[in-house]
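Spelled out, the chains give:
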Amino acid sequence: QVRLVESGGGLVQAGGSLRLSCAASGSRFSINAMGWYRQAPGKQRELVAASGSGTNYADSVKGRFTISRDNAKNMVYLQMNSLLPEDTAVYYCNAVIWMGLTLTTHWGQGTQVTVSS
């Protein structure tokens, strides 16, 4: 079994920065890709940034957010700069993981990010 644990959310003023972290733990797994999604109230969960063979970002965060990984520690980070009130959401860590010969998708419990205007 694989567990994802996020940290780093909180309340910040518009224009500020936050850094989210996510650690994957478990046994006998190999990470294929990791990323961040978010879900605002009344909206669907959406991709924010992902890192696999390459990186990709939602258009709304390009130039402001940066995803990075520490493969040795099975961690993924999301540096969020120039935050806007519309970035307010619950942010979820996502990992696509090889469990034997099967690709499986895993989610963290989510961390709240609130940006005040």
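One structure accompanies this document, and this report is about it. A quick note: this is a predicted structure, and the numbers were derived from the prediction, not measured.

## Comments concerning the state of the cysteines
What we call a disulfide is simply a covalent bond connecting the sulfur atoms of a pair of cysteines. Summed over all chains, the structure comprises one disulfide. Each sulfur in the disulfide pair C22 and C93 lies 2.1 Å from the other. Taking the torsion about the S-S bond as the criterion, the C22 to C93 disulfide, at about -80°, is left-handed. In this pair, C22 sits in strand 3 (residues 18–26) while C93 sits in strand 9 (residues 89–99), placing the two residues 71 residues apart along the sequence. What makes C22 buried here is its relative accessible area of 0%.

## Side note on the sheet that holds strand 7 (residues 65–70)
Spatial ordering of the open sheet is given by 1-3-8-7, a layout of four strands whose pairing is antiparallel. The open sheet is flanked by strand 1 (2–7) and strand 7, the only strands paired with a single partner. Across the sheet, the mean angle separating the axes of adjacent strands is 15° when strand polarity is ignored. As paired strands, strand 1 and strand 3 are joined by six bridges and run antiparallel to one another. From the neighbouring strand, V5 faces strand 3, where its bridge partner is A23.

## Description of unusual backbone geometry
Of note, the phi angle at N74 is positive, near 55°, even though the residue is not glycine. As for its position among the elements, N74 is in the loop between strand 7 and strand 8 (75–80). For N74, a relative accessible area of 25% translates into the label partly exposed. Even without being glycine, S82 reaches a positive phi, approximately 50°. Within the fold, S82 resides in the loop between strand 8 and strand 9.

## Quick notes on the pairing of strand 7
Strand direction decides the pairing type here: strand 7 and strand 8, joined by six bridges, are antiparallel. Bridge assignment links I67 to a residue of strand 8, and that residue is L78. As consecutive antiparallel partners, strand 7 and strand 8 are separated by four residues, and within that stretch N74 has a phi angle of approximately 55°, a positive value.

Rules used throughout
- Residues numbered from 1 in each chain as written.
- Predicted model: local features only at pLDDT ≥ 70, side-chain atom pairs only at ≥ 80, totals over all residues.
- Heavy atoms only, no water.
- Disulfide = S-S within 2.5 Å.
- Helix = DSSP H or I, 4+ residues; strand = E, 2+ residues; numbered from the N terminus.
- Buried < 20%, exposed > 50% of the residue type's maximum accessible area, 1.4 Å probe, protein only.
- Pairing = 2+ DSSP bridges.
- Axes fitted to C-alpha atoms, helices over the stretch in contact; angles between N-to-C directions.

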